[in-house]
Each structure stands twice: as C-alpha cells, then as structure tokens.
Amino acid sequence: MKLTRRNRSLLAIAACVSALTAGGLPSTAAAAPRARASVVGGRAANPAEFPYAVAIFRKGHMHCSGSVIGPTKILTAGHCVAGFNLANFQVIIGRPILRDTAVGQSIGVTSGRVHPDFEQTGLHDVAVLNLATPTSVTPVALATPEQNAAATPVGAQLRVAGYGATNPFGSHLSGFLKATIEQSRADSRCFKAFTRDLFAPESMICALGALKKKPGRFKIHTSACSGDSGGPLVADTATGPVEVGTVSFGGALCGLPAAPTVYSRVSASLDFINQP
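Values in this document were obtained by computation on a predicted structure and should not be read as measured data.

> When you look at unusual backbone geometry in this model, what are you seeing that I'm missing?
Not every positive phi belongs to a glycine, and His124 is a case in point at roughly 55 degrees. As for its position among the elements, His124 is in the loop between α2 (116-121) and β7 (127-131). Residue class for His124 comes out buried when judged on its relative accessible area of 13%. The residue Thr195 is not glycine, and still its phi comes out positive at about 75 degrees.

> Could you clarify how one ought to interpret the pattern of salt bridges in this entry?
Any two side chains of opposite charge can pair, on the condition that their charged atoms come close. Following the criterion strictly, the structure yields one salt bridge and no others. Measuring nitrogen to oxygen at the nearest pair gives 2.8 Å for the salt bridge that ties Asp236 to Arg159. Here the residue Asp236 occupies a position in strand β12 (residues 232-237), and Arg159 occupies one in strand β9 (residues 157-162), the gap between them amounting to 77 residues. The exposure class of Arg159 is buried, given its relative accessible area of 11%.

> For this particular structure, what's the right way to read the packing of aromatic side chains?
Each pair of aromatic rings is reported with the distance of its centres and the angle of its planes. Taken as a whole, this structure holds four aromatic pairs when the rule is applied. Measuring from ring centre to ring centre gives 6.1 Å for Phe50 and Tyr52, while their planes differ by 70 degrees; the resulting arrangement is edge-to-face. Positioned over the ring face of Phe272 is Arg113, at 4.6 Å from the centre of the ring. Residue placement shows Arg159 over the ring face of Phe50; its charged tip is 4.8 Å from the ring centre.

> Quick question: what am I supposed to make of the state of the cysteines here?
Linking two cysteines covalently through their sulfur atoms gives a disulfide. The full count for this structure, using the stated rule, is two disulfides. One disulfide in the model links Cys64 with Cys80; its S-S distance is 2.1 Å. Between Cys64 and Cys80 the sulfur-sulfur dihedral comes to about -90 degrees; the bridge is accordingly left-handed. With a gap of 16 residues between them, Cys64 in strand β3 (residues 61-70) and Cys80 in the loop between β4 (73-76) and β5 (89-93) connect regions that are remote in the sequence. Of the two residues examined, Cys64 and Cys80, each falls in the buried class. Bridging Cys190 to Cys206, the disulfide has an S-S length of 2.1 Å.

> What is the right way to look at the environment of Val247 in this model?
Note on placement: Val247 falls in strand β13 (residues 240-249). Given a relative accessible area of 0%, Val247 falls into the buried group. In the structure, Val247 is positioned 182 residues away from Ser65 in sequence and 8.6 Å away in space, judged by C-alpha atoms.

> Looking at this structure, how should I read the environment of Gly230?
Relative to the assigned elements, Gly230 resides in the loop between β11 (204-209) and β12. Look at Gly230 and you get buried, because its relative accessible area is 0%.

> Would you mind going over the sheet that holds β3 with me for this structure?
Hydrogen bonding along the main chain pairs the strands of a sheet, whether they run parallel or antiparallel. As summarised here, the arrangement of the six strands in space is β2-β3-β4-β7-β6-β5, forming a closed barrel in which the pairing is antiparallel. Averaged over all pairs of adjacent strands, the angle between strand axes in this sheet comes to 45 degrees, irrespective of strand direction. As judged from the five bridges shared by strand β6 (residues 105-114) and β7, these two strands associate in the antiparallel manner. Of the residues in β7, the one forming a bridge with Val109 is Leu131.

> Explanation requested: the nonpolar core in the structure shown.
Nonpolar side chains in soluble globular proteins tend to end up buried together. Counting residues in hydrophobic clusters, the biggest one holds 42 residues, and the most contacted among them are Phe50, Ile74, Val91, Ile93 and Leu129. Counting residues per element, the ones that place at least two in this core are β2 (53-58), β3, β4, β5, β6, β7 and α5 (270-273). Looking at this core, the element that brings in the most residues is β2, giving five residues. Not counting residues within four places of it along the chain, the set of residues in contact with Ile93 comprises Val54, Val68, Ile74, Gly104, Gln105, Ile107, Leu131, Thr135 and Val137. One finds Ala200, Cys206, Phe249 and Leu256 within the second-largest nonpolar core, a separate group that totals 14 residues.

So, how was this worked out
- Residues numbered from 1 in each chain as written.
- Predicted model: local features only at pLDDT ≥ 70, side-chain atom pairs only at ≥ 80, totals over all residues.
- Heavy atoms only, no water.
- Helix = DSSP H or I, 4+ residues; strand = E, 2+ residues; numbered from the N terminus.
- Buried < 20%, exposed > 50% of the residue type's maximum accessible area, 1.4 Å probe, protein only.
- Salt bridge = Lys/Arg side-chain N within 4 Å of Asp/Glu carboxyl O.
- Phe/Tyr/Trp six-rings, centres within 6.5 Å; stacked < 30°, edge-to-face > 60°.
- Lys NZ or Arg CZ within 6 Å of the ring centre and 35° of its normal.
- Disulfide = S-S within 2.5 Å.
- Pairing = 2+ DSSP bridges.
- Axes fitted to C-alpha atoms, helices over the stretch in contact; angles between N-to-C directions.
- Core = buried A, V, L, I, M, F, W, Y, C linked by side-chain atoms within 4.5 Å.
- Contact = heavy atoms within 4.5 Å.

This is the structure we're talking about:
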C-alpha cells in the first residue's frame, strides 16, 4: 500500500506507543512524533562551528531550525513548510542567543519548495526557503552520495545543532543555539522503533547521542527535540563540515533509547535541493 503523510503519522503514533511500552514509561507520555523537533543534553553551541545554523520563526514564535545553503536559500524540513503561509516566516541568521536582537539578521521569506515525495509518502522530509534578501553567512556544504556513504556508517560521530526544547518532553525552548554529538545507529534500531513502513534507510539516517550522565526519571540520551526540526546534522570531513541530514522526527519523548532520532538523508534529495 502506498503510504500517505496521514498514514505515516498514524503509524508513527503506534510506533511511539510501542517504544514507550518497551521502555516502561507511563502511557500518558505517548504522543505523535514531534512536528517540530532544541537539543536535549549537549551544550551551548560554539557559533563559529555552526555559523550557518538558523532559527525559523512563524508569527513571531519559534517554529523550526534550518541551515544556510546559499546566499538566499535555507534548507529545512518539509513538515516545517508544508501547509504554512510563508508570509508569516522570518529566518534568524547569525544570532546564537535569540533575544540578542542587536546581533545577526532577520530576513523574510518570499517563497519555498517542499520535496514532492513528502506530501505523498512522508519520505524526503526536506524543503528549501527563498530569502527576501541575501545573507553574507557562508553556507554549509551538502554531502554528496560518496561523502554520505563515508561519513554515516554505524558508529559514526555526527554533530547536530538547533534552538529547540531542552527537556525530553519537548517543552522549555532553549532561546539559544545548542549542539550535541549524535552517533549513527544501525537501521534495525529504527526499524524496531518505527517499523519498516515508517523508516526508510535509503532516505533517512537513524541516530542517537550518548546516555545523559544525570538522566533523571527516565534513561534519556542526548538528542534533537521539538524546535530542532530541519536543523543540520553535520559530518566533519577532510575538506570541512558537510550536512548529511536534517532533523525529521523521533519518539514521543526526545532521546528515548527505544526511539532514536530520524534525520532526512540530504544526499538522497540533492537533485531537488539544488534546483534553481
């Protein structure tokens, strides 16, 4: 059966409930994967390491994260753009502390494109926004298929940054750019968490950070979370950092061991992203 976005969302809810049950969490914690995924655990990001990281605001409120990939182009998640009025979007660039409005740029969005597969199947959860005016920020390079293969084997250390929630429940947005290290995990781990109907390794990356030293009530790993959706997952290569993924979805609780974070694989959408 061909899966629509709605069917994938229903499957995701079922997968999250299954993961929560396996982890021994109360059923009241069950929820759909985050439509907007800051980093749980991790640290304040060094702005020099993520100059291309952006915050996307909608109607004056934090909506999603993203990355600069060209003077007037922002890469983010498809679910951050599909169905929204882009006239309400502002992209915040070069502002690691969001309340520090004297720093960085706030630029409007003139148009955007969502990957055509996303609306039909939920695959290729990527979108490109076009800025009203250019930014001078150096864009992040996008991973080629060859770079992707070399940079994302199981166990590979990858960096992720975003402005989203700082606790596993997806609340308390950080207000500043955070970052952590994610580890590429075996596809089987995401198959178990989200089923083969939801997780597609050819266009997705399964990843999860280290177990937090003081996780509190639950065992929680460092992870992307609500508000981080569309944010960059980066590999450090001999030629510099390359973006290998964008934050797509995860479990009902961010960083749950039984439900890793899923990233849309950038190299699988390069033809779409690079369209003029």
